[in-house]
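Remarks on the overall topology
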Amino acid sequence: MKKVYKVAGHKFSIVMPDDYPAWNEMQNYEPFLTDDADGCIFAAELIENMPDTSSKQLVVIGNKHVDMPRSELYEWNGKWLMEVAPTLEAPIRLCMITDKSFSKVQFRVLGCIRFSVTTMLMMMFSFSTASMDTLLIHASVTMNGGKGYLFLGKSGTGKSTHSQLWIKNIEGCELLNDDNPALRVCDDGVVRVYGTPWSGKTPCYRNLDVPVGAIVDLHQAKKNVIKQQSLPEAYASIYVSFSGYRFIKNMADGYHATNAKIVSSVPCYSLDCLPNPEAAFLCYDTVTGKR
Amino acid sequence: MRTRKGYTLRSLGKESILVAEGLDAVDFSRMISMNESAAFLWKAVESKDFDAETLAHLLQEEYDITPEVAQKDVAALLDSWKEANIIED
């Protein structure tokens, strides 16, 4: 069976056997289904057996934290081979072979089906859109007054908590996505934020998009203080909020171009905050210009 | 001395930012913002051997300043580059 999804205006297809159990765990993709398969940015296909890749050459092992996925990137037969494990210590659960332009991927799942399919699609989406003014970013997004407000921050900083503080205390707020929305600089130069099938632990898979009102980088602190960021500060906040293979020059150039466009048109802030309603009020009043 | 490998100078409006994008980079989370003259010097000596005199000379030629001012500016700049660990002996 083949299904086509459209996320942030980019279509991609995935082919897996009709009875493959992964389909049962992909409800989060349903809002993004489309019938039109024209112009897919990448095509993914599940394979039963991997070719013999013993001549692979290791390029880099990407891992950050014990509880974060580990990915190993190899070069093999003029292609990229990626092997991914759910955590630093876990065995490999996903193997992907993709052409160097990330337009076609064959993947094999060795376990952790939902993790594997999601990781494959997120990586392919991020890499194949790198030069298309699109950025899959780690953030929680709340909508208010027809605009989207992105909250960035390291894992555990309280991005979701800050979104919830807006939603509970400020009228007219709704969650758009709680973990991995996509930013896109549209043809008219407007930066929009899109809901995606990837929302972390919060089941919020909305096929919706709004112009970005502001981007706020959160830091835990003993009191609430907000300030607007300079261009390099804003660039750095966004830079550390998404991942990619930056040593691949095309990809790094694409990410840079997108990031530079975003920070030059969207107001970006740094918020030192407590997890209290006052932090939400201060943030809301400042970024919406109410104060 | 030489600039460390793995860094890319990216322009951001009038400013520049040095980011660790290469596999050789020592610290991927570090980013150094550079003003126009620092970025000019970085570009001029990237991947080449250089010393304080090289930089002072370049600065003098580009900005029409006295040798004393150039040397002073270069000394301060080199201190910050050393502290940021983006150059090596």
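Residues numbered from 1 in each chain as written. Chains lettered and ligands numbered in written order. Predicted model: local features only at pLDDT ≥ 70, side-chain atom pairs only at ≥ 80, totals over all residues. Heavy atoms only, no water.

**What about the overall build of chain B?**
So the rule is basically this: Secondary structure elements follow DSSP: runs of H or I no shorter than four residues count as helices, runs of E no shorter than two count as strands, and numbering proceeds from the N terminus. Atoms considered for the radius of gyration are the C-alpha atoms alone. The globule rule reads 2.2 Å times the number of residues to the power 0.38. Relative accessibility thresholds used throughout: buried, under 20% of the residue-type maximum; exposed, over 50%; partly exposed, between the two (1.4 Å probe, protein chains only). In what follows, a contact means two residues having at least one pair of non-hydrogen atoms within 4.5 Å. Residue exposure ignores everything except the shown protein chains as possible cover, and the areas themselves are Shrake-Rupley values with a 1.4 Å probe. His is not counted here, nor are the chain ends, while Lys and Arg score as positive and Asp and Glu score as negative. Charged side chains are reduced to one point each, which is NZ for Lys, CZ for Arg, CG for Asp and CD for Glu.
Within chain B one finds three helices and five strands. Traced from its N-terminal end to its C-terminal end, chain B shows the element sequence β-β-β-β-α-α-α-β. For 89 residues, the compact-globule estimate of 2.2 N^0.38 gives 12 Å, and chain B sits close to it at 13 Å. In terms of principal-axis extent, the alpha carbons of chain B reach across some 40 × 30 × 20 Å. Split into buried and exposed, the 89 residues of chain B put 38% on the buried side. Summarising the internal contacts of chain B: among those between residues at least 6 apart in sequence, 46% fall at separations of at least 24. Entry remark: accessible area of chain B is about 5200 Å², with carbon and sulfur atoms responsible for 45%. Computed over 10 positive and 18 negative side-chain charges, the separation of the two mean positions in chain B equals 5 Å.

**A look at the sheet that holds strand β8 (residues 94–98) of chain A**
Residues and elements named next belong to chain A. We count it as follows: Only when DSSP finds a minimum of two bridges between them are two strands counted as paired.
Spatial strand order, β3-β1-β2-β4-β9-β8-β7-β6-β5: nine strands in an open sheet with mixed pairing. Strands with a single pairing partner mark the edges of an open sheet, and in this sheet they are β3 (33–34) and β5 (57–62). For strand β7 (residues 79–85) and β8, the ladder comprises five bridges, and the chain directions are antiparallel. Each bridged residue has a counterpart across the sheet, and for valine 84 the counterpart in β8 is leucine 94.

**Side note on the packing of aromatic side chains**
All names here are of chain A. Heads up, the rule is: Each Phe, Tyr or Trp ring (for Trp, its six-membered ring) is paired with any other whose centre lies within 6.5 Å, and the angle between the two planes then decides the class: stacked below 30 degrees, edge-to-face above 60, tilted in between. Two limits define a charge over a ring: the Lys NZ or Arg CZ must be within 6 Å of the ring centre, and within 35 degrees of the ring normal.
Considering all chains together, one arrives at 18 aromatic pairs over all chains under this definition. Taking 5.1 Å as the distance between ring centres and 45° as the angle between the ring planes, the aromatic pair formed by phenylalanine 127 and tyrosine 245 counts as tilted. Highlighted residues: phenylalanine 127 in helix α1 (residues 113–128) and tyrosine 245 in the loop between α3 (231–239) and α4 (249–265), separated in sequence by 118 residues. Residue phenylalanine 127 is classed as buried on the basis of its relative accessible area, which comes to 8%. Owing to a relative accessible area of 9%, tyrosine 245 belongs among the buried residues under this scheme. In this structure an aromatic cluster arises from ring pairing among Tyr5, Phe12, Tyr29, Phe42, Phe125 and Trp198. Across from the ring centre of tyrosine 74, 4.4 Å away, lies the NZ or CZ of lysine 56, which sits over that ring.

**Some words on the interface of chain A and chain B**
In plain terms, the rule: Buried area is a sum: the accessible area each of two parts loses on coming together, probed at 1.4 Å, counted once for each and added. Only one rule defines a salt bridge in this text: a Lys or Arg side-chain nitrogen within 4 Å of an Asp or Glu carboxyl oxygen. Two N or O atoms count as a polar contact when they lie within 3.5 Å, although within protein this holds only if one can serve as hydrogen donor and the other as acceptor, and sequence-adjacent residues are included solely when both atoms are side-chain atoms. As a working rule, the residues Ala, Val, Leu, Ile, Met, Phe, Trp, Tyr, Cys and Pro are called nonpolar, Asp, Glu, Lys and Arg charged, and the rest polar, with Gly in that last group.
Of the residues lining the interface, 15 residues belong to chain A; the matching set on chain B comes to 13 residues. Each partner contributes to the roughly 1200 Å² buried at the junction of chain A and chain B, and carbon and sulfur atoms together form 71% of this total. The largest contributions to the chain A side of the interface with chain B come from Pro232, Tyr239 and His256 of chain A, which together make up 42% of the buried area. Between the two partners, chain A and chain B, sit one salt bridge. Among the ionic pairs, arginine 10 of chain B bridges to aspartate 253 of chain A, the shortest N-O distance being 2.9 Å. Across the chain A-chain B interface, the total number found is five residue pairs in polar contact (both at pLDDT 80 or more). Of all the secondary structure elements, the ones that give two or more residues to the side of chain A that touches chain B are β5, α3 and α4 of chain A. Taken together, the residues that form the side of chain A that touches chain B break down as 12 nonpolar, one polar and two charged.

**Digging into the side chain of asparagine 144 of chain A**
Counting through the fold element by element, asparagine 144 of chain A comes out in strand β11 (residues 140–144). Residues in contact with asparagine 144 of chain A, not counting those within four places in the same chain, are Tyr149, Ile170, Glu171, Gly172, Cys173 and Tyr284 of chain A.

**A short note on the pattern of salt bridges**
Residue and element names in this part refer to chain A. Inspection of every chain in the model, using the stated rule, returns 14 salt bridges over all chains. Lysine 56 is the salt-bridge partner of glutamate 83, the closest N and O atoms lying 3.1 Å from each other. With glutamate 83 in strand β7 and lysine 56 in the loop between β4 (42–46) and β5, this pair connects stretches of sequence that are 27 residues apart. Residue class for lysine 56 comes out partly exposed when judged on its relative accessible area of 27%.

**Let's talk about the environment of aspartate 99 of chain A**
Residues and elements named next belong to chain A. Relative to the helices and strands, aspartate 99 resides in the loop between β8 and β9 (104–109). With 116 residues separating them in the primary sequence, aspartate 99 and isoleucine 215 have C-alpha atoms 34 Å apart. Once residues lying within four places of it in the same chain are set aside, the contact partners of aspartate 99 are Lys79, Trp80 and Lys104. Side-chain polar atoms of aspartate 99 contact the side chain of serine 103, separated by 2.8 Å.

**Side note on the domain arrangement of chain A**
Residue and element names in this part refer to chain A. Basically, it comes down to this: All the domain ranges listed were derived from an automatic or database domain assignment.
If you check the domain split of chain A, you get domain 1 (2–128) and domain 2 (135–287). Look at where the C-alpha atoms of domain 1 and domain 2 centre, and you get two points 25 Å apart. With 25 residues of domain 1 at the contact, the number on the domain 2 side is 19 residues. Here domain 1 packs against domain 2, burying approximately 1800 Å² in sum over the two surfaces, 72% of which is carbon and sulfur. When the area that domain 1 buries against domain 2 is broken down by residue, the three leading residues are Ala8, Phe32 and Met122, summing to 28%.

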